[in-house]
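Residues per chain are reported as follows:
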Amino acid sequence: MKKILKIVPILLVVVLLFAGCGGTATYEEVYNEYSAKIKEEAPKLVKEFNDEAAALSGDVAKLASLSTEKIEELAELSTEGMSEMAEIQIINGDDYSVYEDWATKLTKVYEDEAQKITDAYMSKALN
């Protein structure tokens, strides 16, 4: 009877994990989710920047402020993703380097996509 009582919780955990319940996401799942969100949001923010920049009559300071605002919106997504990864690291008891590797990958996606907003700013500021 004691052996059965020891096995039941283990079986329950295994069943829940395979059913997708009770387990945390993986670093890769979070990376995939948030890199997709960032890549989806960036073109929208570039469009918003361009639309709103038209009313700023070439004022470089206002264009810079608007660009920063749009980049900050993108940064929020990156931060959310890294926060989820940090939770995984804590729950799993992983070395910091595991978290850092995945967070760095997500940061690279953010930087590449944020550059598109910066490029839109430079295009407006130089004209």
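Residues numbered from 1 in each chain as written. Predicted model: local features only at pLDDT ≥ 70, side-chain atom pairs only at ≥ 80, totals over all residues. Heavy atoms only, no water.

Enquirer: Hey, could you run me through the overall build of the protein in this one?
Expert: The helix and strand tally for the protein stands at four helices and zero strands. What you see in the protein, going N to C, is helices and strands ordered as α-α-α-α. Burial status across the protein gives 26% buried among its 127 residues. Restricting to contacts in the protein with at least 6 residues of sequence separation, those with at least 24 account for 77%. About 8,400 Å² of surface is accessible on the protein, with carbon and sulfur atoms providing 59% of the total. (Helix = DSSP H or I, 4+ residues; strand = E, 2+ residues; numbered from the N terminus. Buried < 20%, exposed > 50% of the residue type's maximum accessible area, 1.4 Å probe, protein only. Contact = heavy atoms within 4.5 Å. Areas by Shrake-Rupley, 256 points an atom, 1.4 Å probe, with all protein chains shown as cover.)

Enquirer: What is the right way to look at the side chain of Lys70 in this model?
Expert: By the element assignment, Lys70 lies in helix H3 (residues 60-92). Beyond its immediate stretch of four places on either side in the chain, Lys70 contacts Leu45, Glu48, Phe49, Glu52 and Ile117.

Enquirer: Looking at this model, I keep getting lost on the environment of Glu73. Mind explaining?
Expert: Along the chain, Glu73 turns up in helix H3. Remark: the alpha-carbon pair of Glu73 and Ala114, spanning 41 residues in sequence, is separated by 9.7 Å. Residues in contact with Glu73, not counting those within four places in the same chain, are Leu45 and Glu48.

Enquirer: How should the nonpolar core be read in this particular structure?
Expert: Inside soluble globular proteins, nonpolar side chains tend to come together where they are buried. Of all hydrophobic cores here, the largest spans 26 residues; its most connected members are Ile38, Phe49, Leu74, Met85, Leu106, Tyr110 and Ile117. Looking at this core, the elements with two or more residues in it are helix H2 (27-53), H3 and helix H4 (96-125). At 10 residues, the largest contribution of residues to this core is made by H2. Apart from residues lying up to four places away in sequence, Tyr110 is in contact with Ile38, Ile71, Leu74, Ala75 and Ser78. (Core = buried A, V, L, I, M, F, W, Y, C linked by side-chain atoms within 4.5 Å.)

Enquirer: Could you clarify how one ought to interpret the confidence of the model for the protein in this entry?
Expert: Detail in the predicted coordinates should be disregarded across regions flagged by low pLDDT. Considering every residue of the protein, the mean pLDDT works out to 86; 82% of them sit at 70 or more. Here residues 1-22 scores under 50 on pLDDT; set against residues more than four positions off or in separate chains, the count is two contacts. (pLDDT = per-residue confidence, 0-100.)

Enquirer: Before we go on, may I ask you to explain the pattern of salt bridges in this structure?
Expert: Two side chains carrying opposite charge are able to pair once their charged atoms lie near each other. Overall, the coordinates contain nine salt bridges when judged by the stated rule. Between Glu52 and Lys70 there is a salt bridge whose closest N-O contact spans 3.1 Å. Taken together, the residues span a long stretch of sequence, with Glu52 in helix H2 and Lys70 in helix H3 at a distance of 18 residues. Exposure remark for Lys70: the relative accessible area of 2% places this residue in the buried category. It is possible to trace a salt-bridge network through shared partners that takes in Glu48, Glu52, Glu69, Lys70 and Glu73. (Salt bridge = Lys/Arg side-chain N within 4 Å of Asp/Glu carboxyl O.)

Enquirer: How should I be thinking about H2 in this particular structure?
Expert: Structurally, the α-helix is built with 3.6 residues per turn, so residues lying three or four positions apart point the same way. Taking 1.5 Å as the rise per residue, H2 with 27 residues should run 39 Å; its terminal C-alpha atoms sit 37 Å apart, in good agreement. Every buried residue of H2 is listed here: Tyr27, Val30, Tyr31, Tyr34, Ser35, Ile38, Ala42, Leu45, Val46, Phe49 and Ala53. In the core, the buried residues of H2 are packed alongside H3 and H4. (Expected span 1.5 Å × (residues − 1).)

Enquirer: Hey, could you run me through the packing of aromatic side chains in this one?
Expert: Scanning all chains against the criterion turns up two aromatic pairs. Measuring from ring centre to ring centre gives 5.9 Å for Tyr31 and Trp102, while their planes differ by 55 degrees; the resulting arrangement is tilted. Here the residue Tyr31 occupies a position in helix H2, and Trp102 occupies one in helix H4, the gap between them amounting to 71 residues. With 5.5 Å between their ring centres and 50 degrees between their planes, Tyr96 and Tyr99 make a pair best called tilted. (Phe/Tyr/Trp six-rings, centres within 6.5 Å; stacked < 30°, edge-to-face > 60°.)

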